[in-house]
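Summary of the model geometry
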Amino acid sequence: MGLLVAQLLAGLANAAALFLVASGLSLIFGVTRIVNFAHGSLYMLGAYCGYTALQYLTGPLGFWAAALGAAVAVGLFGLLVECLILRRLYKAPELFQLVATFGVVLVVQDLTLMLWGPEDLLGPRAPGLDRAVMLFGQPVPEYDLALITVAPLVLLGLWLLMTKTRAGILIRAATQDREMVGALGINQSLLFSGVFFLGAALAGLGGALQLPKGGADLTLDLGILAPAFVVVVIGGMGSIGGAFVAAVLISVVNVFGVLYLPESTLVLMYVVMALVLLVRPHGLFGRAELQAGPPAAGVPDRPLAPLGPRWRAAALALIGLLAVLPLIGSDFALVLATDIVVLALFAASLHFMLSLGGLISFGHAALFGGGAYAAALAVTYAETPMELALLLAPLAGGWLAFAIGWFCLRLTGVYFAMLTLAFAQLLWSLAFQWTEVTGGDDGLIGIWPSEWASGGTVYYYLTLALGGGAILMLRHLAHSPFGYALRAARDSEKRARVSGIHVQRVRLAAMVVSGTMAGLAGGLFVFSKGSVFPSALEIARSFDALIMVFLGGVDALAGPLVGAAVLTLLQDWLSRLESWRLLLGLAVIAIVLVAPTGLAGLAGRLLGRREVT
Amino acid sequence: MTIRTIFTGLALGAALLTAAIAAPSHAADSVKIGDMNSYTRLPAFTVPYKMGLDLAVEHINAKGGVLGGRMIEVVSRDDLGKPDEAVKIAEEMFSRDGVVLVSGNLFSHVGLALASYAKQKKKLYLASEPLADALVWEKGNRYTFRLRPSTYMQAAMLAEEAAKTGAKRWATIAPNYAYGKEAVAAFKQVLTKLVPDVEFVAEQWPALFKIDGAAEAQALAAANPEAIYNVTFGSDLAKFAREGSLRNLFDGKTMLGLLGGEPEYLDPLKDEAPEGWIVTGYPWYAIETPEHTAFKEAYEKRYGDYPRNGSLVGYNTMLSIAAAIEKAGSTETEALVEAFKGLKLATPVGEITYRAIDHQSTMGAFVGKTAVKDGKGIMVDWTYRDGADYLPSDDEVRALRPAE
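To keep things clear, this report deals only with the structure shown in the data block. Sequence order as written defines residue numbering, which begins from 1 separately in each chain. Each chain is given a letter, starting from A, and each ligand a number, starting from 1, according to the order in which they appear as written. In keeping with the model being predicted, local features are shown solely for residues with a pLDDT of at least 70 and side-chain atom pairs are shown and tallied solely at 80 or more, while totals for entire chains, interfaces and linings include all residues. Excluding hydrogens and water, the side-chain values take into account all heavy atoms of the structure.

**So, the sheet that holds strand β10 (residues 278-281) of chain B**
All names here are of chain B. Paired strands, in this sense, are two strands between which DSSP finds at least two bridges. Secondary structure elements follow DSSP: runs of H or I no shorter than four residues count as helices, runs of E no shorter than two count as strands, and numbering proceeds from the N terminus. If you trace the 7 strands from one edge of the open sheet to the other, you get β7-β6-β8-β9-β10-β13-β14, paired in mixed fashion. The sheet is open, and its two edges are formed by β7 (199-204) and β14 (376-385), each paired on a single side. Strand-to-strand twist in this sheet, taken as the mean axis angle between neighbours without regard to direction, amounts to 25°. When β10 meets strand β13 (residues 365-373), the two strands line up antiparallel, connected through 4 bridges. Looking at β13, one finds that G281 is bridged to F366. With respect to the sheet, helix α6 (residues 178-194) is in contact with β6 (169-173), β7, β8 (227-230) and β9 (254-261), its orientation differing from that of β7 by roughly 175°. Axis definition: a line fitted to C-alpha atoms, over the contacting stretch in the case of helices. Angles run 0 to 180 degrees between N-to-C directions. Contacts between residues were defined by any pair of non-hydrogen atoms, one from each residue, lying within 4.5 Å.

**Observations concerning the nonpolar core**
Here the nonpolar core consists of buried residues drawn from Ala, Val, Leu, Ile, Met, Phe, Trp, Tyr and Cys, with membership extended through side-chain atoms lying within 4.5 Å. Burial classification: accessible surface area is computed with a 1.4 Å probe over protein chains only, and a residue below 20% of its type maximum counts as buried, one above 50% as exposed, and the rest as partly exposed. Formed by 211 residues in total, the largest nonpolar core has its most connected members in F19, V35, L209, F362 and F527 of chain A. In contact with F527 of chain A, not counting residues within four places along its chain, are A375, V379, M386, A389, L390, I447, W448, P449 and Y459 of chain A. Counting residues in each nonpolar core, the second largest holds 137 residues, with A115, M153, L266 and I325 of chain B among its members.

**Brief notes about the environment of F229 of chain A**
Residue and element names in this part refer to chain A. Within the secondary structure, F229 is located in helix α9 (residues 220-235). On the basis of relative accessible area, F229 is assigned to the buried category, the value being 3%. Spatially, the C-alpha atom of F229 lies 8.0 Å from that of L25, the residues being 204 residues apart in sequence. With near-sequence residues (within four places) excluded, F229 lies in contact with L25, V35, F37, M418 and L421.

**Remarks on the pairing of strand β2 (residues 72-78) of chain B**
Residues and elements named next belong to chain B. Of all the 7 residues making up β2, 5 are buried; the element is thus mostly covered by neighbouring parts of the structure. Bridge count for strand β1 (residues 31-37) against β2 is 7 bridges, and the pairing is parallel. In the sheet register, M36 faces β2, and the bridge partner there is R77. Convention used here: a crossover is right-handed provided that the path from the first strand, over the helix, to the second strand proceeds clockwise when the strands point away from the viewer. In this fold, β1 hands off to helix α2 (residues 43-62), which returns the chain to β2; that crossover is right-handed.

**Considering a nonpolar patch on the surface**
The patch calculation keeps residues exceeding 30% relative accessible area without a salt bridge and links them within 9 Å when they carry like charges or within 5 Å when they are nonpolar (Val, Leu, Ile, Met, Phe, Trp, Tyr). Residue burial considers only the protein chains on display, and all accessible areas are found by Shrake-Rupley using a 1.4 Å probe. Salt bridge, as applied in this entry: a Lys or Arg side-chain nitrogen positioned within 4 Å of an Asp or Glu carboxyl oxygen. Together, L153, L156, W159 and L160 of chain A make up an exposed nonpolar region whose accessible area comes to about 410 Å². Structurally, the position occupied by W159 of chain A is in helix α5 (residues 142-164).

**Considering the interface of chain B and chain A**
Listed as interface residues are 73 residues of chain B and, on the opposing side, 84 residues of chain A. Between chain B and chain A lies a buried interface of about 7100 Å² when both sides are counted; carbon and sulfur atoms form 62% of it. Summed over the shared surface of chain B and chain A, the number is 6 salt bridges. Here R96 of chain B makes a salt bridge to D572 of chain A, at a shortest N to O gap of 3.5 Å. Note: buried area is the sum, over both parts, of the accessible area (probe 1.4 Å) each one loses when the two are combined.

**As for unusual backbone geometry**
Residue and element names in this part refer to chain A. Residues other than glycine seldom take positive phi values, yet E383 does so here, at roughly 50°. Mapped onto the fold, E383 is located in the loop between α15 (365-382) and α16 (386-408). Judged by relative accessible area, which is 70%, E383 ranks as exposed.

**Some remarks on α2 of chain B**
Residue pairs spaced three or four apart in an α-helix point in one direction, given the helix's 3.6 residues per turn. With 20 residues, α2 of chain B should reach 28 Å at 1.5 Å per residue; the first-to-last C-alpha distance of 28 Å fits that figure. In terms of burial, α2 of chain B is largely enclosed, as 14 of its 20 residues are buried. To estimate how far a helix should reach, multiply one less than its number of residues by 1.5 Å.

**Observations regarding the pattern of salt bridges**
One pass over the structure, following the stated rule, counts 33 salt bridges over all chains. Here K188 of chain B makes a salt bridge to E203 of chain B, at a shortest N to O gap of 2.2 Å. Placement of K188 of chain B in helix α6 and of E203 of chain B in strand β7 is noted, with a sequence separation of 15 residues between them. Here K188 of chain B falls in the partly exposed class, since its relative accessible area comes to 24%. By sharing partners, the salt bridges in this structure join D144 and K213 of chain A together with E243 and R247 of chain B into a single network.

The structure is reproduced here in structure tokens:
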């Protein structure tokens, strides 16, 4: 009994920081529709700022003052990000901002490293609250009790703000229908900035308040991001009360997981998330999105058109150039080119469902990694030859896409995106913690190509043939009746239905095509690296695909290919420099600001051709 | 898709590629070594490694380099803590930079991936810091060597101490990945051999760097063990130590901590460093052999900072590489592999040997107890344990390691 109470209290205390971060994330999403990948970075900044403030402020009063100070500092930083970067992007295709926030993640990582140094900082204990009291015969730290009190207080404060003040009413109005709020003459940018400040400050407060239970280190940012997303989705996007309930639910499930299933702590959270979403697709307290209209990626101004003969000839020239690369390039150029082809296929597969189908997935890594693991598992346990494994990979990707699509396609827009993220994370945590089968963190190694294909040049040609072929097939499909049906379903679901298109079936088919191609990319990836690790399934991999698609240009079929090439080369080029993440982050932000339609769109504009195909 | 678009992308790509390929060429007669580590993922552990490595390069080059006057030149990269990235970097180092071997790394899975790469491509890999036993045993291969004492060796050192404490009811807590799993398995194996009637009453497996200190501490307390064997490290250890001491978990219990005495782990804990834990580590402040004093003073003079365990590993890595090149009299991979087998060299912690049987070096570790002095964790009552004494018999090793 005592133990259960103690575990419950520990869970409630953990919920505090999680709630603060998630409520900020939820608030920002609700009003600005920005999925803020940099929210974890704000949390990390809060921890570091709080740590520094505590070097100067002492005593119980000083501790809380430092926490508030950190919150304000982080809030101001968030404001800066909003004003300098995000504000310029509100007119860009929706969700485009997430690429910019990803750039912010990279920049903050390096800035933090420069300012605070590499060493992990252990947070000081909270003065006046540094002992434990006995409850039911179990020691319970006083600070845990303080945290258990703080979270509901913040919730109360937010509730008062939302219901009793004019600002709160505007925020709620904007959450429901921001265009209407704008039409009524409310200064939207002021409202957005205010919300961003508040959301960032909450994350900062969360970071500072967890100091006595942990500390400040450079892994905090991505570490909190996934749980925070989970909480926001379970609670319902935009719902503060939901975030609170979900944070408590997840934290309590976690501590009991530690007690009863000590090896499966990561999986639990995502299982809970998937279960909740299956029963309540919009989260516990979320509402269906009001506008069921155009998808978040936006509808291109001009529809896709097939290439003219001149362009076809030029495309052939490009293929020819790639074909003779082994003769003119160095060994390493082949390695890079192999990577680019694999990633281009991965990005193109996401682009197919995202751009043509309006189905934005945040968990595309599930299909890539699914294919990769299918091939690797087959080789490891059944000694499958490479040729067969490369057939298995796309099958596994397609099958997974079918399963995930069957569950997720009941949702649209960002809920669909979040549910795909949940499934990807579920797979990731399985790969990570089902050590006996997947090797866990250590991955599966020694997955090399068959003898005949083991040379760099032969494998490059193999990748080029399969990957290039798959990309061409995706292009072909885009211009086939199936592609037209898919685009019709995206642009006007109702009219598509009336025209006799089975919208759900077409979308599911698109996901299966996309999954097949992503699975093939995963299979090619495994044999080029000789190994597979849970990183093939992690959030960062899904982000990579999104960034390649958005960076290249959503509206152009060439977008993902350009995006893959540019990102790979940029990364390769910069990663030799000291502060490469700062530079890469700034480069990504710069590209986003200069070319909100993506590089392909920009190129099209510069070259004077207005239709982007 | 416009073709112009493709061309723009292509032109941009080509420009970047040219910039990347046209790396500055260096003096032709230098020997290039490719070294990488997780500089951004775990800087606290790897930056000192790099400093130690660089110091050794300076020392070796000041004495005239290797092979009669060829300078050593290190190509250094960040492996990001990602195995696939590490493999890509290795490919790049061999094909673009022309390195003769690669070395470094901290995480076990990164090391294992590179070992697999080395075997496939027949290139030499010296794993400096990855501890996984499999690296030299189950997945050992002709082209992979390892410097630092492995998980098994360090766990065996601690198990020997554990046997002396007389505790019978043990609990373990370890990060849920290869290193943690191996560290617990090895400890159990050796301790059970020494004290057949020990029992293990609880096993906790927090995910790496995602520990819930409070919940783990309470779960361990609920099992009521006499002694706890701890393998968590980094921020996990800090959180576990704090929540555990708040809840009086450690009172009256025998505590063991693998690697817990290394400055990288102890120093961030400051005055909250656990007291009386039996740990493996590196008491740089108290080792007074002439070799070590010379190393320490040179390091402090060069950097104005004290050496960490990583510094020592980095330093020994480069010494090993230089010694192997000298012994081989060449920079050819096959000659270097043969040179590494049975290679003996002097290091700041005494002579070490790269065993021909499993390519593991006999570099040892320091075992002692933690204490807090002047608001800082230190190791007391320590002794140096030679790695050679804590490895299984040759027959056992042969059974573990695949034949070449």
